[in-house]
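Structure assessment
Chain by chain, the residues run as shown.
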2 protein chains.
Amino acid sequence: MTGQNGFTIALDGSVTTPKGFRAGGVHCGIKKVQRFDLGAIVCDVPADVAAVFTTNVVIAAPLTVTKESIAKEGKLQAMLVNSGNANACTGEQGDKDARDMRATFAEALGVPEHYVGVTSTGVIGVPMPMEKLYRGIPELRTKLSTEGGDDFCQAIMTTDLVQKSICVTLTVDGKQVSVAGAAKGSGMIHPNMATMLGFMTTDAALQPGCLQSLLSHATDVTFNMITVDGDTSTNDMVVAMASGLAGNEPLGPNHPDWESFSAAFRHVAETLAKEIARDGEGATKLIEVNVVGASTDYDARTIAKTIVGSNLVKSAVYGSDANWGRIIAAAGRAGVPMNPNTVDIRLGDIAVLRQSAPVAFDEPAAKAYLDGNEVTIHVDLHGGAGKATAWGCDLTYDYVKINASYRT
Amino acid sequence: MTGQNGFTIALDGSVTTPKGFRAGGVHCGIKKVQRFDLGAIVCDVPADVAAVFTTNVVIAAPLTVTKESIAKEGKLQAMLVNSGNANACTGEQGDKDARDMRATFAEALGVPEHYVGVTSTGVIGVPMPMEKLYRGIPELRTKLSTEGGDDFCQAIMTTDLVQKSICVTLTVDGKQVSVAGAAKGSGMIHPNMATMLGFMTTDAALQPGCLQSLLSHATDVTFNMITVDGDTSTNDMVVAMASGLAGNEPLGPNHPDWESFSAAFRHVAETLAKEIARDGEGATKLIEVNVVGASTDYDARTIAKTIVGSNLVKSAVYGSDANWGRIIAAAGRAGVPMNPNTVDIRLGDIAVLRQSAPVAFDEPAAKAYLDGNEVTIHVDLHGGAGKATAWGCDLTYDYVKINASYRT
């Protein structure tokens, strides 16, 4: 498939498509059900690494350990992930368990501990069943392959309904470069919170610091612009690994292919982010909110996230109710300056508010549009050049059902 | 009934119990159903007035008009309220309509326009049906009486399930003083958002500025500490009127009875606020969150409101799930500093987390407690003297049902 911005979407690609990467998944028994619950991405060489972590002040043990690994050399050769237990709020034992996970996998791979990162997702406040991991890690070691991308996606899922993976390819210095990603989203019945995990791989070579700046910027406008229920997990993390095996000249802002590589990298992040929102707990629709005309991009982001996070807006979209009053009210309470008298709102192509005055619109047409599985809300504040896009999902009976159900 | 802090709860009292106040309600046809939709509280004399308004940048026309009335002399003799139409996002016509409502009621009462305040709650973006108001206002005028407190409560309700009213009495300078209040909360099927309206009356005399400082302080710890769905209405308002007819020496911080009057005033505000939370859309339980040990009261308030506003916490309470992980996670994302390693959490008297470590607790006992219609969550951060209490309600299927339903 020919893509935009000079990159191509590799429909059969995965996190193992970039040169040097292998992956896999196994069932070691953390999940009661017979589904993969332990997975890893490994690289043949120490890969440049960039990462972003949850802003929650309550941080799960594996994140702390992974931060330490990355801090040492800025390189990782393996990311170990388990689902079914978040190893969060588990005290000193949790910290020790996260370190033992790292040490055990490092030994199995024959690499230094600080080349290994670990992350967990699942129920919090429950000690990690280490004996299961000690059994599972050697088995996982034997399953790692360039065919293991799907198994890895399975291993990081909790109650996600669909796998989330994407791979794009582009040409840099005449060499083929791949950028791929896998993610898990918010759909957990048993655990105590939704967790967003993202893993990106590329075989591109990058100049020092460029991978982190690229990931940080991409995260601001993709992963950080989605909300399912406004609750920030203790375990959220996105990690990007670059093997540098594509043979290109190291990429940086001064490289002629930087723009197209940046676009490809961002496309991977945005695709994963939207997939997470679309597959939010109980969701039936993906909601995209585009805000333009704000004083600054920051203000636009704040307003877009407030709108897409509003229970009233989310409920209205679920009910296919062209309820623009909730949209302007959410914008008004976002806490950033805006002129309440110059607001335009469109639902898809249907104008419902112009200069803050109601516009007579075709209700059946609006309902038909809102009945679709992708709803885009356009808001123009006519107050500046600031713009942003946020993604979320509708609020449904199933969201309540999922989250009201008992842990046991 | 003997009350706390030297005041007594007058079980048969209402907003008309304080000397000088009359009230009433009529059906003028704004609501399709045969229920009161127009009401007023009037005072025999120009009453000292204090008011707090929504922080939403999008402000409904009647609030602007009421602000102007109060700004002129700081006195009001009447508050006119309609339900069924919020007169919000109605442009210049809405502003004109709000002024016409004020002028028409002022003429009917024979008082200056700036002694009249108006407020509206209901659907937004729809022009006010003024002809119905022109018919209803003269009728309402004839219905005002000292027996009209209940009718007023009916007139301000939308889909509130219960009336919200309270009256307390105390002795000041040997004189009986009454403080009363009525409120409507968030339970609207047809309108586009929930609106909180509060009305307080007292016959106490107060020193200049004391009523506003009392109301502002009380609002910070009562009305501003409740959340149903985190959406701030364009129409929220609380108004307090003091007739000064009790015959007491004007109350102020230097008055010997100031503390007991403040306590009575705050009790009225807190009772109304809790009733609003308890009667939130679709709610089956009142949730109270007590946070202590924060660095400051401000931090404690932020954390308490974040916890009580968390969809995951609200859903867990609905499901009677002792899901403390969601509570500490919500605290952690509140955006204020806290030590994640020293957190205690109790559900009622049941300790579930101590120093951020899980405590083995009796699950059936916890479920039995959470099955009650009032759930109190205690959080001790062990980080300072800051404390706060917030109130909210559980997130239920009915919340989604109510808010997903069509406007028409």
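Residues numbered from 1 in each chain as written. Chains lettered and ligands numbered in written order. Predicted model: local features only at pLDDT ≥ 70, side-chain atom pairs only at ≥ 80, totals over all residues. Heavy atoms only, no water.

Quick note on the threshold: UniProt positions are given in the numbering used here, feature names are shortened, and annotations may be inferred rather than shown by experiment.
The name an unreviewed UniProt entry assigns to chain A is Arginine biosynthesis bifunctional protein ArgJ, from the organism Paenibacillus antri. UniProt lists a comment for chain A under the heading Subcellular location (unreviewed entry), and it reads "Cytoplasm". Note on chain A: under the UniProt heading Sequence similarities (unreviewed entry), the record states "Belongs to the ArgJ family."

**A few points about the domain arrangement of chain A**
Residue and element names in this part refer to chain A. Condition: Domain start and end points were adopted from an automatic or database domain assignment. When two components associate, each loses some accessible surface as probed by a 1.4 Å sphere; the sum of these losses over both components is called the buried area. The salt bridge definition used is simple: a Lys or Arg side-chain nitrogen within 4 Å of an Asp or Glu carboxyl oxygen. The term polar contact refers here to a pair of N or O atoms within 3.5 Å; inside protein, the definition further demands a hydrogen-donor-capable atom paired with an acceptor-capable atom, and it admits residues adjacent in sequence only when both atoms are side-chain atoms. In the scheme used here, Gly and all other residues not listed as nonpolar or charged are polar, with Ala, Val, Leu, Ile, Met, Phe, Trp, Tyr, Cys and Pro taken as nonpolar and Asp, Glu, Lys and Arg as charged.
What the domain assignment lists for chain A is domain 1 (8–276) and domain 2 (286–404). Each of domain 1 and domain 2 has a C-alpha centre, and these two points are 32 Å apart. In total, about 1,200 Å² of surface goes out of reach between domain 1 and domain 2, with carbon and sulfur atoms giving 62% of it. Counting across the domain 1 and domain 2 interface gives zero salt bridges. At the junction of domain 1 and domain 2, the tally comes to two residue pairs in polar contact (both at pLDDT 80 or more). Here the side of domain 1 that touches domain 2 is composed, by residue class, of six nonpolar, three polar and four charged.

**Concerning the packing of helix α5 (residues 210–221) of chain A against helix α6 (residues 258–278) of chain A**
All names here are of chain A. Rules: Convention adopted: a line fitted to C-alpha atoms gives each axis, helices being fitted over their contacting stretch, and angles between N-to-C directions are expressed from 0 to 180 degrees. Each helix is a run of DSSP H or I of at least 4 residues and each strand a run of E of at least 2, with the numbering of both proceeding from the N terminus. Each angle receives one of four descriptions, namely roughly parallel if under 35 degrees, roughly antiparallel if over 145, roughly perpendicular if within 65 to 115, and oblique otherwise. Left-handed describes a crossing whose near helix is turned anticlockwise from the far helix through less than a right angle; right-handed describes the clockwise counterpart. Here a residue-residue contact requires only that any non-hydrogen atoms of the pair lie within 4.5 Å.
Relative to each other, α5 and α6 sit at 50°, their axes nearing to 10 Å. Here α6 runs oblique to α5, going by the angle between their axes. Where α5 crosses over α6, the handedness of that crossing is right-handed. Across the interface between the two elements, C210, L211, L214, L215, H217, A218 and V221 of α5 pack against W258, F261, S262, F265, R266 and A269 of α6. Class assignment of the residues belonging to the contact of α5 with α6 gives a composition of ten nonpolar, two polar and one charged.

**Quick word on the pairing of strand β4 (residues 75–85) of chain B**
All names here are of chain B. Our working rule: When a residue's accessible area, from a 1.4 Å probe over protein chains only, is under 20% of the maximum for its type it is buried; when over 50% it is exposed; and in between it is partly exposed. For two strands to be treated as a pair, DSSP must find at least two bridges joining them. A crossover counts as right-handed when, viewed with the strands pointing away from the observer, the path leading from the first strand over the helix to the second turns clockwise.
Across the eleven residues of β4, nine count as buried, placing the element largely inside the fold. Bridging between strand β3 (residues 38–53) and β4 involves seven bridges; their strand directions are antiparallel. Bridge pairing links I41 to M79 in β4. The sheet contact formed by β4 and strand β5 (residues 116–123) spans eight bridges and is parallel. Looking across to β5, one finds that M79 is bridged to G117. A crossover links β4 with its parallel partner β5, the connecting element being helix α2 (residues 91–109), and its sense is right-handed.

**Points about helix α7 (residues 297–309) of chain A**
All names here are of chain A. Inclusion rule: A helix's residues, less one, multiplied by 1.5 Å, set its expected span.
Over its 13 residues, α7 extends 18 Å from the first C-alpha to the last, a length consistent with the 18 Å expected when each residue adds 1.5 Å. Where α7 is concerned, the buried positions are D299, A300, T302, I303, A304, T306, I307 and V308. Tucked inside the fold, the buried residues of α7 contact β10 (286–294), α8 (311–318), α9 (324–332), β14 (374–380) and β15 (386–393).

**Digging into the sheet that holds strand β13 (residues 350–354) of chain B**
All names here are of chain B. Here we have seven strands laid out as an open sheet, ordered β9-β16-β11-β15-β12-β13-β14, and mixed in their pairing. Each edge of the sheet is formed by a strand with only one pairing partner; in this case those strands are β9 (226–227) and β14 (357–358). Contacts from helix α7 (residues 297–309) reach β9, β11 (286–294), β15 (374–380) and β16 (386–393) within the one sheet, and its direction differs from that of β16 by about 20°.

**Side note on the environment of A78 of chain B**
If you trace the backbone, A78 of chain B turns up in strand β4. Judged by relative accessible area, A78 of chain B falls into the buried class, the value being 0%.

**Details of the pairing of strand β6 (residues 164–172) of chain B**
Residue and element names in this part refer to chain B. Here β6 lies mainly inside the structure; seven of its nine residues are buried. Pairing of β6 with strand β7 (residues 175–184) involves nine bridges; the strand directions are antiparallel. Looking across to β7, one finds that C167 is bridged to A180.

**Overview of the packing of aromatic side chains**
Any pair of aromatic rings gets described here by the distance separating the centres and the angle formed by the planes. Keep this limit in mind: Stacked, edge-to-face and tilted labels apply to pairs of Phe, Tyr and Trp rings (six-membered ring for Trp) whose centres lie within 6.5 Å, assigned for plane angles under 30 degrees, over 60, and everything in between, in that order. Consider the ring centre and the ring normal. A charge sits over the ring if Lys NZ or Arg CZ is within 6 Å of that centre and within 35 degrees of that normal.
In the structure shown here, the tally under the stated rule is seven aromatic pairs over all chains. Taking 5.7 Å as the distance between ring centres and 85° as the angle between the ring planes, the aromatic pair formed by Y318 of chain A and Y397 of chain A counts as edge-to-face. One end of the pair, Y318 of chain A, is in helix α8; the other, Y397 of chain A, is in helix α11 (residues 397–404), and 79 residues separate them in sequence. Measuring from centroid to centroid gives 6.3 Å for Y397 of chain A and Y397 of chain B, while their planes differ by 40°, and the two rings are tilted. Residue Y397 of chain A is found in helix α11, and its partner Y397 of chain B is found in helix α11 (residues 397–404); the two belong to separate chains. Since its relative accessible area comes to 29%, Y397 of chain A is described here as partly exposed. Taken together, the ring pairs connect Y318 and Y397 of chain A together with Y318 and Y397 of chain B into an aromatic cluster. The ring centre of F53 of chain A lies 5.0 Å from the NZ or CZ of K67 of chain A, which sits over that ring.

**Structural notes on the confidence of the model for chain A**
Residues and elements named next belong to chain A. Using the following cut-off: The pLDDT score gives, residue by residue, the confidence of the prediction method on a 0 to 100 scale.
The predicted model of chain A has a mean per-residue pLDDT of 89, with 93% of residues at 70 or higher. Low confidence marks residues 187–194, where pLDDT is under 50. Its contacts with residues over four positions away, or in another chain, come to 37 contacts. The ipTM, which scores confidence in the relative placement of chains, is 0.72 for this predicted complex, and the corresponding pTM is 0.79.

**A look at unusual backbone geometry**
For residues besides glycine, phi is generally negative; the peptide bonds are generally trans as well. Positive phi values are uncommon outside glycine, yet H382 of chain A reaches one of about 50°. Unusually for a residue other than glycine, N87 of chain B sits at a positive phi of about 45°. Note on placement: N87 of chain B falls in the loop between β4 and α2. We classify N87 of chain B as buried; its relative accessible area is 0%.

**Concerning the sheet that holds strand β12 (residues 350–354) of chain A**
All names here are of chain A. Spatial strand order, β13-β12-β11-β14-β10-β15: six strands in an open sheet with mixed pairing. Each edge of the open sheet is held by one strand with a lone partner, namely β13 (357–358) and β15. Two strands pair when backbone bridges link them, and strand β11 (residues 344–347) and β12 are joined in this way by three bridges, in the antiparallel orientation. In the strand pairing of β12, R346 is matched with A351.

**Some thoughts on the environment of C167 of chain B**
All names here are of chain B. Take C167: it is sitting in strand β6. By relative accessible area, C167 is classed as buried at 1%. Separated by 139 residues in sequence, C167 and C28 place their C-alpha atoms 28 Å apart. Those residues in contact with C167, other than ones at most four positions away along the chain, are T8, I9, A10, G13, S14, T17, S178, V179 and A180.

**Digging into the pattern of salt bridges**
Here the structure, examined in full by the defined rule, presents 25 salt bridges over all chains. As a salt-bridge pair, E113 of chain A and R102 of chain A come within 3.9 Å of each other at their nearest N and O atoms. Remark: R102 of chain A occurs in helix α2 (residues 91–109) and E113 of chain A occurs in the loop between α2 and β5 (116–123); sequence separation between them is eleven residues. Between D371 of chain B and K367 of chain B there is a salt bridge whose closest N-O contact spans 2.8 Å.

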